[in-house]
Amino acid sequence: ERERLYEEIVAAPGVRWAAAVVDAPRIDEINILQATMEAMKMATTAIMDSPKGKGCIKEASVDRNGCYVVCGANDDSGRAIEAADAAATALSAGEDVDDSYYALIDGNRVPKEMPCEAEPMVKGDSREYCIGAASLIAKVTRDRLMHAYDELYPEYNLQQHKGYPTAAHMSAVFKHGASP
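Residues numbered from 1 in each chain as written. Predicted model: local features only at pLDDT ≥ 70, side-chain atom pairs only at ≥ 80, totals over all residues. Heavy atoms only, no water.

A.B. asks: So what about the overall build of the protein chain? Which residues, and what values?
C.D. replies: Helix and strand counts for the protein chain come out as 7 helices and 5 strands. Counting from the amino terminus, the protein chain carries its helices and strands in the arrangement α-β-α-α-β-β-α-β-β-α-α-α. Taken over 180 residues, the protein chain has a buried fraction of 34%. Looking at the protein chain alone, contacts between residues at least 24 apart form 55% of all its contacts between residues at least 6 apart. Here the protein chain has roughly 11000 Å² of accessible surface; of this, 53% comes from carbon and sulfur atoms. (Helix = DSSP H or I, 4+ residues; strand = E, 2+ residues; numbered from the N terminus. Buried < 20%, exposed > 50% of the residue type's maximum accessible area, 1.4 Å probe, protein only. Contact = heavy atoms within 4.5 Å. Areas by Shrake-Rupley, 256 points an atom, 1.4 Å probe, with all protein chains shown as cover.)

And the structure:
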């Protein structure tokens, strides 16, 4: 069901979407909460920059190292906008990036130095459709990466528990050591 909804959301007319991928070394460096805050800021920045085509890639991959953002934008008919087309569309629409964005953040805090005004919303994914959609995009991006990692490291069964510290995951780490 998630996959189907993901495809519907990213194909919707007029949509801009983004999901940030923060790698394990960065999470180890700043902790999972700060990595989550950083990812929200990265995704928001990518959405704001998407008409200019800055820094977006099409798909998350286990072959990509470091932190990055997967994102896209569609025109009013639902056709994916390429960077050059998006810049022209934004200019012709007279878009003012500084004033036209407001982020709703799922949780009880807003990341520091957000690129636009933002407000936190506890249980926002069940209260606002846009937060629910963003949550779904992030989960599908994560799930796809975990399925690909599962093919590389089947002994960890990452497809099943997505790297969460379940008893099965902890047992696999104890038996095989930390995954590469």
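A.B. asks: Give me the packing of helix α1 (residues 2-10) against helix α5 (residues 129-152): which residues, what numbers.
C.D. replies: At a minimum axis distance of 9 Å, the contact between α1 and α5 shows a crossing angle of 120 degrees. By the angle between their directions, the pair α1 and α5 is classed as oblique. Considering the relative orientation of α1 and α5, their crossing is left-handed. Facing R2, E3, L5, Y6, E7, I9 and V10 of α1, the residues of α5 in contact are A133, L136, I137, K139, V140, T141, R142, D143 and R144. Residue composition of the contact of α1 with α5, grouped by class: 8 nonpolar, 1 polar and 7 charged. (Axes fitted to C-alpha atoms, helices over the stretch in contact; angles between N-to-C directions. Parallel < 35°, antiparallel > 145°, perpendicular 65-115°, else oblique. Left-handed = near helix turned anticlockwise from the far one by under 90°. Nonpolar A, V, L, I, M, F, W, Y, C, P; charged D, E, K, R; others polar.)

A.B. asks: How would you summarise the nonpolar core if you had to cite specific residues and measurements?
C.D. replies: Counting residues in hydrophobic clusters, the biggest one holds 15 residues, and the most contacted among them are Y6, W17, A60, Y68, V70, I137 and L145. Those elements that provide at least two residues to this core are α1, β1 (16-21), β3 (68-73) and α5. The element that contributes the greatest number of residues to this core is α5, accounting for 4 residues. By size, the runner-up hydrophobic cluster in this structure holds 10 residues, among which are A18, V22, A43 and A46. (Core = buried A, V, L, I, M, F, W, Y, C linked by side-chain atoms within 4.5 Å.)

A.B. asks: How would you explain the side chain of H161 if you had to name every residue and give the values?
C.D. replies: Within the secondary structure layout, H161 lies in helix α6 (residues 158-161). The class for H161 is buried, based on a relative accessible area of 6%. If we ignore the near neighbours within four places in the chain, the residues touching H161 are Y156, T166 and H169.

These results come straight from atomic positions and should not be treated as a statement about function.
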